[in-house]
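Residue-level structure breakdown
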Amino acid sequence: MTALEISGNIAVLGYGLAAIGPGVGVGLIFAAVINGTARQPEAQSKLQSIAWIGFGVTEVLAIIGIALAFVFRSGA
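Note that the coordinates shown come from a computational prediction; the quantities given were computed from them, not determined experimentally. (Residues numbered from 1 in each chain as written. Predicted model: local features only at pLDDT ≥ 70, side-chain atom pairs only at ≥ 80, totals over all residues. Heavy atoms only, no water.)

Structural notes on the confidence of the model for the protein
In regions of low pLDDT, the predicted coordinates are not meant to be interpreted in detail. Looking at the protein, the pLDDT average stands at 82 and 82% of residues meet or exceed 70. Helix H2 (residues 20-39) holds the highest mean pLDDT among the elements of the protein, 93, whereas helix H1 (residues 3-18) holds the lowest, 66. (pLDDT = per-residue confidence, 0-100. Helix = DSSP H or I, 4+ residues; strand = E, 2+ residues; numbered from the N terminus.)

Examining H2
With 20 residues, H2 should cover 28 Å at 1.5 Å per step; its first-to-last C-alpha distance of 29 Å lies within 8% of that length. Every buried residue belonging to H2 is among Pro22, Gly25, Val26, Val33 and Gly36, and all of these are buried. Projection of H2 onto a plane perpendicular to its axis shows the buried side chains occupying an angular sector of 100°, all on one side. Exposed side of H2, more than 90 degrees from the buried face: Leu28, Ile34, Ala38 and Arg39 are the residues found there. (Expected span 1.5 Å × (residues − 1). Buried < 20%, exposed > 50% of the residue type's maximum accessible area, 1.4 Å probe, protein only. Arc of directions from axis to C-beta.)

Some words on the packing of aromatic side chains
This model, assessed by the stated rule, comprises 3 aromatic pairs. Members of the aromatic cluster, each reached through a chain of ring pairs, are Phe30, Trp52 and Phe55. (Phe/Tyr/Trp six-rings, centres within 6.5 Å; stacked < 30°, edge-to-face > 60°.)

Some points on the UniProt feature "transmembrane region" (unreviewed entry) in the protein
In this structure's numbering, the residues bearing the UniProt feature "transmembrane region" (unreviewed entry) are residues 12-38 and 50-72. Helix makes up 96% of residues 12-38 and strand 0%. Its end C-alpha atoms lie 39 Å apart. The span residues 50-72 is 100% helix and 0% strand, and its two end C-alpha atoms sit 34 Å from each other. (UniProt positions renumbered as here; feature names shortened; annotations may be inferred.)

This is the structure we're talking about:
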């Protein structure tokens, strides 16, 4: 086993850990939308549009994480 193989495995493990944050974030975003809609049903459309924007921003973190995993995996 070479050092490159070890660092590649660590990069993949790092991405797995980095995916926890966006996963929790998406759960919190939509939990807040469900709570807000239950409390104030007339605000559903406004809450839902804000939630989709938040979802997109949160998922960008996961995409950056997987891109960095590939960068560090193929790097020295």
